[in-house]
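Residue-level listing of the chains:
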Amino acid sequence: MATLLWLIAVVLVIAGIYVLVARRELLFGIVLIVVGLLVGPGGVSIFH
């Protein structure tokens, strides 16, 4: 389960960076990055 959460978090953060750089949508990019950090299995995970 931790591996799956880690993978989802990585995809969300990469998508957030892509949206920030390529599409220049600041708010949506930041939201994706924050959600990726919250979902991740690290110390800030919302599922632990």
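Caption draft 1: The nonpolar core, seen in detail. Counting five residues, the largest nonpolar core is built from Leu-5, Leu-12, Val-19, Leu-32 and Val-39. Where this core is concerned, the elements lending two or more residues are α1 (2-23) and α2 (26-39). If one sorts the elements of this core by residue count, α1 sits on top with three residues.

Caption draft 2: Representation of α1 within the structure. The first and last C-alpha atoms of α1 sit 30 Å apart over 22 residues, in line with the 32 Å expected at 1.5 Å per residue. Within α1 the residues assigned to the buried category are Leu-5, Ala-9, Leu-12, Gly-16 and Val-19. Along the axis of α1, the buried positions cluster into a sector of 90°, meaning they face one direction only. Every exposed residue of α1 that faces more than 90 degrees away from the buried side is listed here: Thr-3, Trp-6, Val-11, Ile-14, Tyr-18 and Val-21. On the buried face of α1, the contacting elements are α2. Backbone geometry just after α1 places Arg-24 at a positive phi near 55°.

Cut-offs used in this document
- Residues numbered from 1 in each chain as written.
- Predicted model: local features only at pLDDT ≥ 70, side-chain atom pairs only at ≥ 80, totals over all residues.
- Heavy atoms only, no water.
- Core = buried A, V, L, I, M, F, W, Y, C linked by side-chain atoms within 4.5 Å.
- Buried < 20%, exposed > 50% of the residue type's maximum accessible area, 1.4 Å probe, protein only.
- Helix = DSSP H or I, 4+ residues; strand = E, 2+ residues; numbered from the N terminus.
- Expected span 1.5 Å × (residues − 1).
- Arc of directions from axis to C-beta.
- Contact = heavy atoms within 4.5 Å.

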